[in-house]
Every structure is written in structure tokens, then in C-alpha cells.
Amino acid sequence: MFAVIVDRVVEARVRHDVRELGTEGGKVQYDHFELGGTYLHVKGAADEIPWGEVTRLTVDADRVAITVPHLRRRMEGLNLKAAGRRENYRVGMDNTLYIEDKGLSNCRKAIIWSVMAHIAESVVPRPR
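Nothing here was measured: the structure is a model prediction, and the numbers come from that model.

Draft legend 1. Quick peek at helix α3 (residues 106-123). The end-to-end C-alpha distance of α3, which contains 18 residues, comes to 25 Å, matching closely the 26 Å that a straight helix rising 1.5 Å per residue would cover. Considered for burial, the residues of α3 that qualify are K109, I111, I112, W113, V115, M116, I119 and A120. Here the buried face of α3 lies against α1 (2-22), β1 (27-30), β2 (33-36), β5 (56-59), β6 (63-67) and β9 (96-100).

Draft legend 2. Structural view of the packing of aromatic side chains. The tally for this structure, following the rule as stated, stands at 1 aromatic pair. Summarising the aromatic geometry, the rings of F33 and Y89 are spaced 5.0 Å apart at their centres and angled 65° between planes, so their arrangement reads as edge-to-face. Of the two residues, F33 sits in strand β2 while Y89 sits in strand β8 (residues 89-91), which places them 56 residues apart along the sequence. Take F33 and Y89: they sit in the same class, and that class is buried. Its end group placed over the ring of Y98, R90 keeps NZ or CZ at 4.2 Å from the ring centre.

Draft legend 3. Region of interest: the nonpolar core. With 31 residues, the main nonpolar core has L35, I66, L97 and M116 as its most contacted residues. For this core, the element with the highest residue contribution is α3, accounting for 7 residues. When sequence neighbours within four positions are dropped, the list of residues in contact with L35 reads L21, G26, K27, V28, Y30, L40, W51, V115, M116 and I119.

Draft legend 4. Expanded view of unusual backbone geometry. A positive phi angle is found at D31, which is not glycine, with a value near 50°. Positive phi values are uncommon outside glycine, yet N95 reaches one of about 60°. Within the element layout of this structure, N95 appears in the loop between β8 and β9. For N95, a relative accessible area of 22% puts it in the partly exposed group.

Draft legend 5. A look at the pattern of salt bridges. Applying the stated rule across the entire model yields 4 salt bridges. Salt-bridge contacts for R13 lead to D17; the nearest nitrogen and oxygen are separated by 2.9 Å. In this pair, R13 and D17 are both assigned in helix α1, 4 residues apart and thus about one turn of the helix distant. Overall, the relative accessible area of 30% leaves R13 in the partly exposed class. A relative accessible area of 1% means that D17 is categorised as buried. When the shortest N-O distance is used, the salt bridge between K109 and D101 registers 3.2 Å. For D101, a relative accessible area of 28% corresponds to the partly exposed category.

The rules we used
- Residues numbered from 1 in each chain as written.
- Predicted model: local features only at pLDDT ≥ 70, side-chain atom pairs only at ≥ 80, totals over all residues.
- Heavy atoms only, no water.
- Helix = DSSP H or I, 4+ residues; strand = E, 2+ residues; numbered from the N terminus.
- Expected span 1.5 Å × (residues − 1).
- Buried < 20%, exposed > 50% of the residue type's maximum accessible area, 1.4 Å probe, protein only.
- Contact = heavy atoms within 4.5 Å.
- Phe/Tyr/Trp six-rings, centres within 6.5 Å; stacked < 30°, edge-to-face > 60°.
- Lys NZ or Arg CZ within 6 Å of the ring centre and 35° of its normal.
- Core = buried A, V, L, I, M, F, W, Y, C linked by side-chain atoms within 4.5 Å.
- Salt bridge = Lys/Arg side-chain N within 4 Å of Asp/Glu carboxyl O.

Structural data, given as C-alpha cells:
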């Protein structure tokens, strides 16, 4: 019974967040990340990352990977720990931001992963 309630909460929140991102100036905040209809911003980073610059966005069971050219340089404002790791995300040497499920509740993870999957469908170019 509790799982059904959690599923409904997740579905409602995802619908709300996707609808918010579809409005002009709409944005949603997930801990250290702010998603806008046209950008991604990591708290503490020097600037926003326009979705149009994302070359790859994948949503796996345990992480979300967002690849952007020159991402490491753009994240210079962050106080990254060893190996580019911080909280539940890290910036790889391949200019990919990896958001990991470490420390996220199942509900929070389901919301973020679902919203990112919607974004992946709309912003990443598909091969022809």
C-alpha cells in the first residue's frame, strides 16, 4: 500500500516539474542542481549550462550522466573534492557530470531520474 502512495507522489511531482520546465522562465531545484527549461546549473559553478550544449544525457539505474564540452573548465568555481567528487555528483575527466543516487531517498531518486529522462528525450539530438 505504501509503495502505491509513493508511486503516485512521484508521478504527480514529475508531472508538476515537467510542466514547470515547459513554462517560460520555469525552473525546478533538486538539492545542488537547478534545472531550467533552457539550462542546467550546479550550485557554486561559474555559469549555467545551456541544454543545447549537452551532447549526451543518459539515465541509468544508479546514475545520470550529462556530457558537455569543456565542462571541467566551467565547473572551476566548485570546490570539488579529490577526483572531482562532491556530495552525490562528480565531474569526470571526460567532461561528464555524473549524478549518483548516493544519499537520495527512493522517492527523490525516482523524481529526479524521471524528470531527467524527460529532458533527455527532448534535448539530446538523436542519430538519424
